[in-house]
Amino acid sequence: PIGGLPDEEVTIAEFIKEHRPNYATAHFGKWHMKGGSPTDHGYDQHDGPTSNAEGNAGEPDPKRIGEVTDRSVRFIREQTAANRPFLLQVSHYAVHTPVLARSETIEKFEATESGTVHSNAAYAAMTEELDGSLESLLSVLDELGISDQTYVIYTSDNGGEIGRGGSPTVNTPLAKGKTHTWEGGIRVPLIIR
């Protein structure tokens, strides 16, 4: 594995800044890149050189989903009020292990019938809370009237982890998972709105 993000690699933030210096850029959540701070790679605002560990916060926001979302929404509002174009990258700590979610969300899924493939109530809860973040981000774009001029790209860095540390991920019918170049490791969602 690469030990850090080399300085000679050009991030999307650096590319945009080179061609459109007036853009505001932000990266909230997990950086997990080593090779310096997000500042070194074109981001004006960020949470620093974080890793997975910073996402394990406990109640009331176990994976810091609300915290990361709130900073992101605030950034969107500030840039829109300033009539400034922006790039915002939101890299949540969820759905990475350890599986953490608010107790009331877990209880909701514990009270429902398990599926035939997926049966982990806590993982379902964490996923639903992550979905709520996306809903909040899309809603603020709609509220501010900038949805029709804003690209939203939803993707993942890898497929689900299997077979390590009690991971609840099941990639069936895809072979393998995270760290593998089989479909289970590289087939990820990509949705652009």
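Structure shown above.
Residues numbered from 1 in each chain as written. Predicted model: local features only at pLDDT ≥ 70, side-chain atom pairs only at ≥ 80, totals over all residues. Heavy atoms only, no water.

**Student:** Which residues make up the packing of aromatic side chains, and what values do they have?
**Tutor:** Counting across every chain of the model gives three aromatic pairs. Summarising the aromatic geometry, the rings of Phe-75 and Phe-86 are spaced 5.8 Å apart at their centres and angled 85° between planes, so their arrangement reads as edge-to-face. Taken together, the residues span a long stretch of sequence, with Phe-75 in helix H2 (residues 65-81) and Phe-86 in strand E3 (residues 86-91) at a distance of 11 residues. Each member of the aromatic cluster is reached from another via a ring pair, and the members are Phe-28, Phe-75 and Phe-86. (Phe/Tyr/Trp six-rings, centres within 6.5 Å; stacked < 30°, edge-to-face > 60°. Helix = DSSP H or I, 4+ residues; strand = E, 2+ residues; numbered from the N terminus.)

**Student:** An account of a nonpolar patch on the surface is needed here, citing residue identities and associated values.
**Tutor:** A cluster of nonpolar side chains, namely Tyr-151, Ile-153, Leu-190 and Ile-192, defines an oily patch on the protein surface of about 520 Å² accessible area. Among the structural elements, Ile-192 can be located in strand E5 (residues 190-192). (Patch = residues over 30% accessible without salt bridge, like charges linked within 9 Å, V, L, I, M, F, W, Y side chains within 5 Å. Areas by Shrake-Rupley, 256 points an atom, 1.4 Å probe, with all protein chains shown as cover. Salt bridge = Lys/Arg side-chain N within 4 Å of Asp/Glu carboxyl O.)

**Student:** Lay out the packing of H2 against helix H4 (residues 121-143) with the relevant residues and their values.
**Tutor:** Two quantities define a packed helix pair, namely the angle between the axes and the distance from one axis to the other. Where H2 contacts H4, the axes come no closer than 10 Å and their chain directions differ by 10°. The angle between H2 and H4 places the two elements in the roughly parallel class. Across from Ile-65, Thr-69, Ser-72, Val-73, Ile-76 and Arg-77 in H2, the residues of H4 making contact are Met-126, Glu-129, Leu-130, Ser-133, Ser-136, Leu-137, Val-140, Leu-141 and Glu-143. Here the residues of the contact of H2 with H4 sort into eight nonpolar, four polar and three charged. (Axes fitted to C-alpha atoms, helices over the stretch in contact; angles between N-to-C directions. Parallel < 35°, antiparallel > 145°, perpendicular 65-115°, else oblique. Contact = heavy atoms within 4.5 Å. Nonpolar A, V, L, I, M, F, W, Y, C, P; charged D, E, K, R; others polar.)

**Student:** An account of the pairing of strand E1 (residues 24-29) is needed here, citing residue identities and associated values.
**Tutor:** Successive residues of a regular strand alternate their side chains across the two faces of the sheet. Burial within E1 is extensive, with six of its six residues counted as buried. With six bridges connecting them, E1 and E3 associate as parallel partners. Bridged to Thr-25 within E3 is Leu-87. Where E1 meets strand E2 (residues 45-46), two bridges bridge the pair, whose relative direction is parallel. Bridge pairing in E2 links His-27 to His-46. (Buried < 20%, exposed > 50% of the residue type's maximum accessible area, 1.4 Å probe, protein only. Pairing = 2+ DSSP bridges.)

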